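Per-entry structural report
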Amino acid sequence: MEGSGSSGFDMSKMSTAEKMLAGGSILLLLDSFLPWQKFCADLGALGGNVCVGSVSAWQGSGGIFGVLMGLGAIAMIVIGVLSMTGSMASMNMGTMSADKLLGFLGLGVAAFGLLKFILVLTNSPGWAAFVGLVLLVVIGYGAWQKVQSSGGFQMGGTGGTMGGGGTPPPSSPPPSAPPSGGMPPSAPPPSGGMPPSGSSGRARVRGPAPSVSG
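Report on the accompanying structure. Predicted model, so just to flag it, every value in this text is computed and none were measured.

With that out of the way, let us pick up the environment of Gly62. Within the secondary structure, Gly62 is located in the loop between β2 (49-55) and α2 (63-84). For Gly62, a relative accessible area of 18% gives the class buried. Not counting residues up to four positions away in its chain, the partners in contact with Gly62 are Lys116 and Leu119.

Here's what the structure looks like:
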């Protein structure tokens, strides 16, 4: 839920994921106080299975997960309100933005809520538990979209991502190949130098040997 830097709510600037998170968290918090689980007793021949009471999501089977779910929903509402009013801009949260924090909170609420629902489902669930399941799916989907739109699961800086989506460093250019054609041509001898070995400046003519007369 991005803040516009000014006070007040601007619903027109909210994305679909933000509306899902805002509405889902408020409704889930209200639903958590409704009967999620029934307490039933088997009276046998006297009356069969009789339900004598009910508890909210904060109690009963898996109560710790219900508490974490409720506290997470409250935190989502508070962060959403602060972000929409622009108050989150003055808070230093390092490399994590308010949108990414809200997305992570939504995923946590959905996870704790699903654990709570599974434990309640095996022990006389109430009607509010099924309403909560629908809201948890909405929150989980909105939180996933929010995390993806804010950079995925990248944990700050230029490091890699948890999902392996980091960009590999650019490879170094290949070394240049030597020119084809074998050995390079030899340089011509310098002008005015010595002639090459094996040759002389003057041609030597060797004639027949002189005869000696007696």
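Don't stop here, the text continues.
Right, let's talk about helix α4 (residues 127-149) for a bit. Compared with an ideal rise of 1.5 Å per residue, which puts 23 residues at 33 Å, α4 spans 34 Å between its outermost C-alpha atoms and is within 8% of the ideal. Taken as a whole, α4 has its buried residues at Ala128, Ala129, Gly132, Leu135, Leu136, Ile139, Gly140, Gly142, Ala143, Lys146 and Val147. On its buried face, α4 is in contact with α1 (16-31), α2 and α3 (98-121). Downstream of α4 by one or two residues, Gly151 has phi in the positive range, about 110°.

Attention now goes to the nonpolar core. Counting residues in each nonpolar core, the largest one holds 17 residues, and the members touching the most others are Leu21, Leu28, Trp36, Met69, Met76 and Val109. Where this core is concerned, the elements lending two or more residues are α1, α2, α3 and α4. At 6 residues, the largest contribution of residues to this core is made by α4. The residues touching Met69, leaving out its near neighbours within four places in the chain, are Leu28, Ser32, Trp36, Ala57, Val109, Phe112, Gly113 and Leu136.

A word on the packing of α3 against α4. Packing of α3 against α4 brings their axes to within 8 Å, and their N-to-C directions diverge by 155°. In terms of their interaxial angle, α3 and α4 are classed as roughly antiparallel. The crossing of α3 and α4 is left-handed. Counting all contacts with α3, which are made through Asp99, Gly103, Phe104, Gly106, Leu107, Val109, Ala110, Gly113, Leu114, Phe117, Val120 and Leu121, the residues of α4 involved are Ala129, Phe130, Leu133, Leu136, Ile139, Gly140, Ala143, Trp144, Lys146 and Val147. Broken down by class, the residue content of the contact of α3 with α4 amounts to 16 nonpolar, 4 polar and 2 charged.

Let us look at the pattern of salt bridges. All told, the structure shown has 2 salt bridges when counted by the stated rule. The partner of Glu18 in a salt bridge is Lys146, and the shortest N-O contact between them spans 2.5 Å. One end of the pair, Glu18, is in helix α1; the other, Lys146, is in helix α4, with 128 residues separating them in the sequence. Between Lys146 and Asp99 there is a salt bridge, with the nearest N and O atoms lying 3.6 Å from each other. Note that Lys146 is positioned in helix α4 and Asp99 in helix α3, a separation of 47 residues in sequence. Take Lys146 and Asp99: they sit in the same class, and that class is buried. The network of salt bridges with common partners includes Glu18, Asp99 and Lys146.

Rules and cut-offs
Residues numbered from 1 in each chain as written. Predicted model: local features only at pLDDT ≥ 70, side-chain atom pairs only at ≥ 80, totals over all residues. Heavy atoms only, no water. Helix = DSSP H or I, 4+ residues; strand = E, 2+ residues; numbered from the N terminus. Buried < 20%, exposed > 50% of the residue type's maximum accessible area, 1.4 Å probe, protein only. Contact = heavy atoms within 4.5 Å. Expected span 1.5 Å × (residues − 1). Core = buried A, V, L, I, M, F, W, Y, C linked by side-chain atoms within 4.5 Å. Axes fitted to C-alpha atoms, helices over the stretch in contact; angles between N-to-C directions. Parallel < 35°, antiparallel > 145°, perpendicular 65-115°, else oblique. Left-handed = near helix turned anticlockwise from the far one by under 90°. Nonpolar A, V, L, I, M, F, W, Y, C, P; charged D, E, K, R; others polar. Salt bridge = Lys/Arg side-chain N within 4 Å of Asp/Glu carboxyl O.

By themselves, these figures tell us nothing about what the structure is for.
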